[in-house]
Amino acid sequence: QSGLAVPAKVPGRTRAHRAEAQAIMDGLMQDIPSISPKYFYDERGSTLFEAITRLPEYYVTRVEQSILRRYGDAIADSVGADPIVIEPGAGNCEKARSLCLRLQAREFVGIDISADHLQGAVLRLQANLPWLKARAIAADITQPVELPADLPGSRRLVFYPGSSIGNFEPGQAVRMLSQMRAMLGDPDEGGGLLIGIDLPKPVRVLEAAYDDASGVTAAFNRNVLEHVNQLIGSDFVPDQWAHRALFNARDSRVEMHLVARRAQSVRWPGGGRDFTEGQHIHTENSYKHTLQAFASLLESAGFRQYRSWTDEQGWFAVIHAWQ
Ligand code: AVI
């Protein structure tokens, strides 16, 4: 790729696009340049992420599923009969399908920013579980979401699996948890929050999970530059950037970075930045909270009680929290 890329989405076409493009450029111009992890998930990034969840090194999805399977009855008892399952960031609704089946959910509301992808997934879910009333809401889950006015208030269960909460700074995580609490109905009627969190574990296991031998996570990380090129019209050359994943013990988080293989100059309409060899762009944090640390985030968000289930190695926890 050479010269200025022609942006697929013309930056500045709408006020929202302009604001988004500006936020990306601001991130790139910081002393420690960064790109928000939400830009991983374009079409190719979402496909790569699905491949990550099947990697031998990426234990997260496998271990969470084993906990949900093994303790399904206890979780169902804790949540209460025939809940309404609400899933922020529902994606392909795969995890929701087994949960709705296990809990015999009466309704499902999937929320995701990618409207077309979600609509198809919800239709498939509905075809698979014919008794379930399933609907899709296209919305950015980092903002307050308006639920359908006719959604019953009893036994609403917000399902947030996969340790996605770990991709937010603790303060932002508390805001997200509070928003999820606001989606719940009457606290005396059951329901609550069912959430997956990834626990601290040996550094070699963590770093392998985020830097797999077959290079899928590296491709996922570099792909964010292709997406940014589309969004702001920049001319990043992804091959010029090396993937780096490291555990930051002080903050108990795995960090992903892109490291400039050589000095280079990146341009975008109206600006650009020169990067030195070895300079990092910070692309993701994945916090590994202890159960105690996460319980205090839950408490700050207004959840007063919880039950948790873990695997034998204590690598991952599924938590049912309520007010
Ligand atoms: C989506 N999220 C919970 C993943 C994680 O483990 O933090 C994203 C991911 N990044 C690299 N591999 C997976």
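Before reading further, recall that the structure is shown in the block above.
Each chain carries its own residue numbering, running from 1 in the direction its sequence is written. Residue-level local features of this predicted model are given only where pLDDT is at least 70; pairs of side-chain atoms are given and counted only at 80 or more, and the full residue set underlies all totals for whole chains, interfaces and linings. Calculated side-chain values reflect all of the structure's heavy atoms, with hydrogen atoms and water omitted.

Mind laying out the site of the ligand, listing which residues take part and the relevant values?
One heavy atom suffices: a residue is near a molecule or strand as soon as one of its heavy atoms comes within 4 Å of it. In the vicinity of the ligand there are 14 residues, among which Tyr58, Asn167, Tyr210, Glu284 and Ser286 approach most closely. Identification of polar contacts relies on pairs of N or O atoms within 3.5 Å, with a donor-acceptor requirement for protein atoms, meaning one able to donate a hydrogen and the other able to accept it, and with residues adjacent in sequence counted only if both atoms are side-chain atoms. In this structure, Tyr58 approaches the ligand through a side-chain N or O atom, which is 2.5 Å from an oxygen atom. Tyr210 is positioned with one of its side-chain polar atoms (N or O) 2.5 Å from an oxygen atom of the ligand. Notes on the ligand: free accessible area 340 Å², of which the protein chains cover 96%. In DSSP terms, a helix is any run of H or I states spanning at least four residues, a strand is any run of E spanning at least two, and both are numbered starting from the N terminus. Those elements that place two or more of their residues in the shell around the ligand are α2 (43-52), α9 (216-232) and β10 (280-287). Charged means Asp, Glu, Lys or Arg here, nonpolar means Ala, Val, Leu, Ile, Met, Phe, Trp, Tyr, Cys or Pro, and polar covers whatever is left, Gly included. Of the residues that constitute the shell around the ligand, the class distribution is seven nonpolar, six polar and one charged. Residue burial considers only the protein chains on display, and all accessible areas are found by Shrake-Rupley using a 1.4 Å probe.

Please set out the packing of helix α1 (residues 15-29) against α9 residue by residue, giving values where relevant.
Packing of α1 against α9 leaves a shortest axis separation of 9 Å and a crossing angle of 130°. One way to sum up the angle between α1 and α9 is to call them oblique. For the crossing formed where α1 meets α9, the hand is left-handed. Of the residues in α9, those in contact with Glu20, Ala21, Ile24, Met25 and Leu28 of α1 are Val228, Leu231 and Ile232. For the contact of α1 with α9, a count of residues per class yields seven nonpolar, no polar and one charged. Inter-axis angles, ranging from 0 to 180 degrees, are taken between N-to-C directions of lines fitted to C-alpha atoms, where helices are fitted over the stretch in contact. Each angle receives one of four descriptions, namely roughly parallel if under 35 degrees, roughly antiparallel if over 145, roughly perpendicular if within 65 to 115, and oblique otherwise. Should the near helix be turned anticlockwise from the far one by less than a right angle, the crossing is left-handed, and should it be turned clockwise, the crossing is right-handed. Only heavy atoms matter for contacts: two residues are in contact if any of them lie within 4.5 Å across the pair.

How would you explain the pairing of strand β5 (residues 192-198) if you had to name every residue and give the values?
Any residue under 20% of the maximum accessible area for its type is buried, any over 50% is exposed, and the rest in between are partly exposed; the area is computed with a 1.4 Å probe on protein chains only. Extensive coverage of β5 is indicated by the burial of seven of its seven residues. We call two strands paired when DSSP finds no fewer than two bridges between them. Bridge count between strand β4 (residues 156-160) and β5: four bridges; the pairing is parallel. In the strand pairing of β5, Val158 is matched with Leu193. After leaving β4, the chain enters helix α7 (residues 170-183) and then returns to the sheet as β5, a path that is right-handed. Sheet topology note: the β5/strand β12 (residues 316-322) ladder contains six bridges and is antiparallel. When the bridges of β12 are listed, Gly196 appears paired with Val318. Orienting the strands away from the viewer, one traces the path from the first strand over the helix to the second; a clockwise path indicates a right-handed crossover.

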